[in-house]
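Here are the chains, one letter per residue:
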Amino acid sequence: MRPIVGISCSMDEESLKLNMNYYQAVEEAGGLPILVPILKEQDNLYQLANLLDGMIFSGGVDIDPHHYNEEPHLGLGQITPERDELEITLCRILYEMKRPIFGICRGIQLINVALGGTLYQDIKTQLPKVLKHYQEAPAHSPTHEVSIEKDSLLFSIVKRESLRVNSFHHQAVKDVAAALRIVARAQDGVVEAVESNNDRFVLAVQWHPERMFKRHREHFELFRRFVEECAKKG
Ligand SMILES: [Mn+2]
């Protein structure tokens, strides 16, 4: 049996949306991907969490800064309060249950906030001398480099200290949650990856490996290792 991997979706007023590359990467890596809607009932969240062998928090719009006790900065973009609510609650439940968690782009921000961290609401105006983190190059093209801590899970997966990544974000991790550690940064200091600092499997990246894995196989390794971890639940 393949491990069941939940994937969160973006939403607008009346629809859910997910770039197909997310579930294609999970399926290719040996998992059974299922898309998670914006559920409202608490008992549904617990039943879902029991069903899932792991969860991917996907990319999307900004998180309401109220979740980390800040007022909205002028540079804050669109927010989706119902999605925030679902993902934060589900992330905390899954974390308690020690299910493997993988965060991508908004996902790294979501996991950090759910576990008690904070964000830069707009790196362009809140950080000095930032690189271009919202590329206009094709999504599969890497545009900046990240430096990876050698003693990290991330390093053990990609097996290199520097990795070229794509970049589609204007927010980033500010204060990292106590349960997490920073394991990769861009040259300007912007946090590009975090992972668990305890026995749980939590890995999150600020770039979009799902848009790169078909051409750059080191990014597929992230999905492969994550799905392998999901399979361990049994
Ligand atoms: Mn970036």
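Below: a short report on this structure. (Residues numbered from 1 in each chain as written. Predicted model: local features only at pLDDT ≥ 70, side-chain atom pairs only at ≥ 80, totals over all residues. Heavy atoms only, no water.)

### A look at the packing of helix α1 (residues 21–28) against helix α7 (residues 217–231)
- Across the interface, α1 lies against α7 with an axial gap of 9 Å and an inter-helix angle of 65°. As judged from the angle between their axes, α1 and α7 are roughly perpendicular. For the pair α1 and α7, the sense of crossing is right-handed. Taken together, the residues of α7 that come into contact with α1 (itself represented by Ala25, Val26 and Glu28) are Arg217, Phe220, Phe223 and Val227. (Axes fitted to C-alpha atoms, helices over the stretch in contact; angles between N-to-C directions. Helix = DSSP H or I, 4+ residues; strand = E, 2+ residues; numbered from the N terminus. Parallel < 35°, antiparallel > 145°, perpendicular 65-115°, else oblique. Left-handed = near helix turned anticlockwise from the far one by under 90°. Contact = heavy atoms within 4.5 Å.)

### Side note on the nonpolar core
- In terms of nonpolar packing, the biggest core is built from 36 residues, with Ile56, Phe102, Leu154 and Trp207 touching the most fellow members.
- The contact partners of isoleucine 56, leaving out residues within four places of it in the chain, are Val5, Gly6, Ile7, Ser8, Val26, Phe102, Ile104, Phe223 and Phe226.
- Within the second largest apolar cluster, 32 residues are counted, among which are Ile4, Val36, Leu48 and Cys91. (Core = buried A, V, L, I, M, F, W, Y, C linked by side-chain atoms within 4.5 Å. Buried < 20%, exposed > 50% of the residue type's maximum accessible area, 1.4 Å probe, protein only.)

### With respect to the environment of serine 8
- Within the fold, serine 8 resides in strand β1 (residues 4–8).
- According to the relative accessible area criterion, serine 8 is buried, its value standing at 1%.
- Sequence separation between serine 8 and alanine 177 is 169 residues, and the spatial gap between their C-alpha atoms is 21 Å.
- When neighbours within four sequence positions are excluded, serine 8 is seen to be in contact with Leu18, Val36, Met55, Ile56, Phe57, Ser58, Arg83 and Glu87.

### Brief notes about the pairing of β1
- β1 sits mainly inside the fold: five of its five residues count as buried.
- Taking every second residue as pointing to the same face, both faces of β1 are buried, with Ile4, Gly6 and Ser8 on one and Val5 and Ile7 on the other.
- Bridge count between β1 and strand β4 (residues 32–36): five bridges; the pairing is parallel. Pairing of valine 5 across the sheet is with proline 33, part of β4.
- Looking at chain direction, β1 and strand β5 (residues 54–57) are connected through three bridges and run parallel. (Pairing = 2+ DSSP bridges.)

### Brief notes about the pattern of salt bridges
- A complete count under the given rule lists 15 salt bridges for this structure.
- Note that arginine 224 is salt-bridged to glutamate 228, the shortest N-O span being 3.2 Å. One end of the pair, arginine 224, and the other, glutamate 228, are both in helix α7, four residues apart, so they sit about a helical turn from each other.
- A residue is classified by how much of its surface remains accessible, and glutamate 228, at 38% relative accessible area, is partly exposed.
- Arginine 225 is the salt-bridge partner of glutamate 228, the closest N and O atoms lying 3.6 Å from each other. With glutamate 228 and arginine 225 both in helix α7, this residue pair falls three residues apart, about one helical turn.
- Salt bridges here are not isolated pairs; linked through shared partners, they connect Glu221, Arg224, Arg225, Glu228, Glu229 and Lys232. (Salt bridge = Lys/Arg side-chain N within 4 Å of Asp/Glu carboxyl O.)

### Some details on the environment of leucine 52
- Summarising the element assignment, leucine 52 is placed in the loop between α2 (42–51) and β5.
- Through-space distance from the C-alpha of leucine 52 to that of glutamate 149 is 30 Å; in sequence the pair is 97 residues apart.

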